[in-house]
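# Architecture at a glance
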Amino acid sequence: MSHRRSRASRLARWPLIAVSILGTSACAALTALPEPIELQDRLAAIPTHGLPLERPVTISWSARQIPFVEAETDEDAAFALGLVHAHLRLGQLETARRLSQGRVAEMAGPIPFVLDLDHALRAFGFGRAAPDILAAMPDRSRRWLERFTDGLNHYLMTVKTLPHDFAVLGLDRQPWTPEEVLTIGRLAGADITWLAWFRLLRQRDRPDFPDILHRALRDGTLAPSSAAVAAADAPDNPGLDRALRMLAALLESRARGSNSLALAGQRTAHGAPMIASDPHLGVSQPNLWVIAGVKSPGLHVVGLMPVGLPIFALGRTPHIAWGGTNMRAASSDLVDVSGLPDSAFVRETHDLGVRFWFDTRRDSRVSPHGPVVSDAPLMPFADTEQVALRWIGHTPTDEITALLDAARARTFQEFRAALEPFGVSAQSMVYADRHGTIGLVAAARLPHRDPDAADRLIQDPATVDRWWTNLATTTSLPAIENPPQGFVASANNPPGPSAVPLGWFFSAPDRIDRLSDLVRSASKPWTVEALARLQTDTFSPSAVALRDHLAARLGDRLRGDAAWDMVAAWNGHYDGDSRGALAFQALYVPLATALWRDLGWPESEWQGGGGAWRVLAVIQGLDDTVLTRAVQAALANAVDPLERYQTWGDIHHMALTMPLANVPLVGGRYRFGRFPVGGGQETLMKTAHDETLEPHTVRYGAQARHISDLSDPDENHFVLLGGQDGWINSSTQLDQIDAWRAGALVRVPLTPEAVAANAVVVHRLEPGRR
């Protein structure tokens, strides 16, 4: 079936789009924003009596609305954490539930590309493995998940006033199931390789596609932005492009990158290991993390919890601390199923609810190798192709058990063994403990592919069956323990040599090299304050390497040009107040654009992470005369932006917006601020952006930070881009922004005594009937 649509058919869809826009805008306009609310009044919404608990539970709240749960049973602790997530982020949770299930049109209405997005999400089937995961879980983990879900539901079904999002998006009270929680986890575990596939698949018709694929695999850093994915040889179908951009942006926001560093005691001021991590994900509000703590018979931890999931993805216990980065492992294969008989497929019919309109149906199929993703309209396949997705996320891996048991570990060996059930998204887990051990574990489940597997984007079924017969697991993948240099670090780079191919598209080396260089060159022992400065470092090794190459070859010819002199004097830091960073970008963007145009290569190749290295590789092959002309032309183009703007922060902005900001006519109500920010594509303080010389906003990047000093159980520090509360106009909705901008963090203690001293509100939850 063709997924292209005629111009007449596209025009016929505009009335449906108008219905959606007017309907949603009217709901937003008629729903008043909540009045400003202080912490005491906000916390009064927490139910405290007649709860389905075995024993009383205490929740201590800090001034930042950071909760610490103390419970006498693990099941009560899980219930209270579910209650906390619902209280802080109920609107965000309900949106995520519908998004993970392909129910966006239930909120947005009959917008054609939204229906296509729902169709694609249903075909992918993020919840496909959820029943099997739940059935295979150990009883202890299953009960933890069930009780967390009970906590979500108790708050949802009993709270008197629902978040603003409910009225605007037409949400209602629907009880959660454990399978729905697992489905959100699977969405968060999406394979980053899919973004690279989207871009490459859309370029297969080009005569130079073999060269494009060769360069992508050679560079190994193909991590295109959602904009680059949609722009790559885009067909004349604006709706399809918008839907594909939405899908790519969704994946980009959930599964991108991070930095994580563990220091041995020999490198720290207090002689004990330290750990520092900063996840790089989508930057929309509310934040994708909740800072929380818990103490129960089986768990004692403070850390970052993904919204809606009963786990601590990174954190600190009395014994250990851990962080991690997306390994960017290849957890999927595309399989050609065109040769299978019709009887091999199971047809699925999806009933799509549509707000303001009639519900509709879409069909897809499932093959023995996974869902047939070519049945969905967003996928970049030819009409004659039938392609299935074989993904680890469609198998019953158990990340909840893995991370719960990891938080109970006391040694590196126990930590690594705990992660054995872990599957998606593959992580490089960084570890430290109070006894002095540091390490790194590759937590993943991967096929045993042939070394040249990536030479073909779409594989034959027999080959894939052979690869997937015996999967490699955490205990057979790379691990590092107590390396002699006294630190381990990860920045979305390969975690170490592996007999099993790990993946094809890793991050550029900038961040891992910068981390390593800063640690090795430090003249003083590391402290919390020093690590906080490291996390906000804006130096770009690739930009400096490119600049220095140009200076070495052309410096004498270029000296005296005002723009070049600024570039030559630049210190390499993408600080918000840097004119040199702006000057470099003013040179870099027109230079790369012209080089790729002249070569006839897809412009998306140099855009995004690793682009400066690819530009450097090209100019190294040019003779001085050709390079001089190209650089001089780019410098001429740099004059205009340098006259219009003064610093990098004049065009590089962080926007504090909710997804509701996309609602036409009234979206401005959900934009809470915009400020200049430093950082760039591959700086430690990552603030990824479109390659433009016009004012733009960060798409994703460093949106949370964590530092723990293992010498003191209460020396744990966190900060969110935003705040804890998803309730609009709450005093803790955006109260951590100033700290995030200043590179400061919020101390989050672990011991009950310190928690009590830090609390400003304490709830005692009393049991009722269960």
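Residues numbered from 1 in each chain as written. Predicted model: local features only at pLDDT ≥ 70, side-chain atom pairs only at ≥ 80, totals over all residues. Heavy atoms only, no water.

Turning next to the overall build of the chain. Scanning the chain from terminus to terminus reveals 27 helices and 27 strands. Across its three principal directions, the C-alpha atoms of the chain cover 80 × 65 × 55 Å. Residues counted as buried form 64% of the 770 residues belonging to the chain. Considering only contacts within the chain whose residues lie at least 6 apart along the sequence, 73% involve residues at least 24 apart. About 26,900 Å² of surface is accessible on the chain, with carbon and sulfur atoms providing 53% of the total. Counting 74 positive and 85 negative side-chain charges, the chain places the averaged centre of each group 2 Å from the other. (Helix = DSSP H or I, 4+ residues; strand = E, 2+ residues; numbered from the N terminus. Buried < 20%, exposed > 50% of the residue type's maximum accessible area, 1.4 Å probe, protein only. Contact = heavy atoms within 4.5 Å. Areas by Shrake-Rupley, 256 points an atom, 1.4 Å probe, with all protein chains shown as cover. Lys, Arg positive; Asp, Glu negative; His and termini not counted. Charge placed at Lys NZ, Arg CZ, Asp CG, Glu CD.)

Tracing the chain through its elements places Gln92 in helix H4 (residues 74-100). Within polar-contact distance, the side chain of Gln92 engages the backbone oxygen of Asn287 at 3.0 Å. (Polar contact = N/O pair within 3.5 Å; in protein donor to acceptor, adjacent residues only side chain to side chain.)

Pairing is mixed in the open sheet, where 10 strands are placed in the order S17-S15-S14-S8-S7-S6-S5-S2-S1-S27. In this open sheet, the two strands that pair with only one neighbour each are strand S17 (479-481) and strand S27 (761-765). Averaged over all pairs of adjacent strands, the angle between strand axes in this sheet comes to 20 degrees, irrespective of strand direction. Two strands pair when backbone bridges link them, and strand S1 (residues 57-61) and S27 are joined in this way by five bridges, in the antiparallel orientation. For Val57, the partnering residue across the bridge sits in S27 and is Leu765. Contacts from H4 reach S1, strand S2 (67-71), strand S5 (289-296), strand S6 (299-306) and S27 within the one sheet, and its direction differs from that of S5 by about 160 degrees. (Pairing = 2+ DSSP bridges. Axes fitted to C-alpha atoms, helices over the stretch in contact; angles between N-to-C directions.)

So, about empty space enclosed by the protein. Counted by the stated rule, this structure contains eight cavities of 30 Å³ or more. Volume-wise, the largest cavity comes out at about 140 Å³. As for the largest cavity, its lining consists of 17 residues, and the residues nearest its centre are Ser540, Ser542, Tyr574, Ala612 and Gln681. Secondary structure elements with two or more residues in the lining of the largest cavity: helix H20 (541-558), helix H22 (579-599) and helix H23 (611-619). With three residues, H22 is the single largest residue contributor to the lining of the largest cavity. Here the residues of the lining of the largest cavity sort into five nonpolar, 10 polar and two charged. When its volume is computed, the second largest cavity comes out at roughly 110 Å³. Of all elements in the fold, only helix H11 (193-201), helix H12 (209-219) and strand S9 (332-336) reach the threshold of two or more residues within the lining of the second largest cavity. Per-element tally for the lining of the second largest cavity: the top contributor is S9, with three residues. (1 Å grid on protein atoms, 1.4 Å probe; cavity = no way out; pocket = protein on both sides within 12 Å on 5 of 7 lines; lining within 4 Å. Points joined across faces, edges and corners; volume = space filled by probe spheres on them. Nonpolar A, V, L, I, M, F, W, Y, C, P; charged D, E, K, R; others polar.)

Membership of the largest hydrophobic core comes to 80 residues, with the highest contact counts inside it found for Phe312, Phe415, Leu419 and Leu765. Here this core gets 12 residues from one element, more than from any other, and that element is H4. Sequence-distant contacts of Leu419, that is, excluding residues within four places in its chain, are made with Ala402, Leu403, Ala406, Met429, Val441, Ala443 and Thr474. Membership of the second largest hydrophobic core comes to 53 residues, among which are Leu99, Phe113, Val372 and Trp468. (Core = buried A, V, L, I, M, F, W, Y, C linked by side-chain atoms within 4.5 Å.)

Further remarks concern the packing of aromatic side chains. Taken as a whole and judged by the stated rule, the model has 15 aromatic pairs. Here the aromatic rings of Phe415 and Tyr431 are separated by 5.0 Å at their centres, their planes lie at 45 degrees, and the arrangement is tilted. Of this pair, Phe415 sits in helix H16 (residues 412-418) while Tyr431 sits in strand S14 (residues 427-433); the two residues are 16 residues apart in sequence, bridging distant segments of the chain. As far as burial versus exposure is concerned, Phe415 and Tyr431 are alike and both buried. (Phe/Tyr/Trp six-rings, centres within 6.5 Å; stacked < 30°, edge-to-face > 60°.)

Another point: the sheet that holds strand S11 (residues 360-367). The strand order S10-S11-S12 describes an open sheet built from three strands, whose pairing is antiparallel. Both edges of this open sheet fall to strand S10 (346-352) and strand S12 (370-371), since each of them pairs with a single strand only. When S11 meets S12, the two strands line up antiparallel, connected through two bridges. Residue pairing in the sheet places Val366 in a bridge with Pro371 of S12. Contacting S10, S11 and S12, helix H6 (residues 112-124) crosses the sheet at an angle of about 30 degrees to S11.

Moving on, we come to the confidence of the model for the chain. Low pLDDT marks regions whose predicted coordinates should not be analysed in detail. Put simply, the chain has an average pLDDT of 93, and 91% of its residues get 70 or more. The weakest mean pLDDT in the chain belongs to helix H1 (residues 7-11) at 45; the strongest belongs to S2 at 99. Confidence drops under pLDDT 50 across residues 1-11; counting only partners more than four residues distant or on other chains, this segment forms 19 contacts. (pLDDT = per-residue confidence, 0-100.)

We now examine the pattern of salt bridges. All told, the structure shown has 39 salt bridges when counted by the stated rule. Its salt-bridge partner being Arg97, residue Glu180 comes within 3.0 Å of it at the nearest N-O pair. Of the two residues, Glu180 is situated in helix H10 (residues 178-188) and Arg97 in helix H4; the sequence distance between them amounts to 83 residues. Arg186 is paired through a salt bridge with Glu399; the nearest N and O atoms lie 2.7 Å apart. One end of the pair, Arg186, is in helix H10; the other, Glu399, is in helix H15 (residues 399-408), and 213 residues separate them in sequence. A cluster of three or more residues bridged by salt bridges with shared partners is formed by Glu94, Arg97, Arg98, Asp172 and Glu180. (Salt bridge = Lys/Arg side-chain N within 4 Å of Asp/Glu carboxyl O.)

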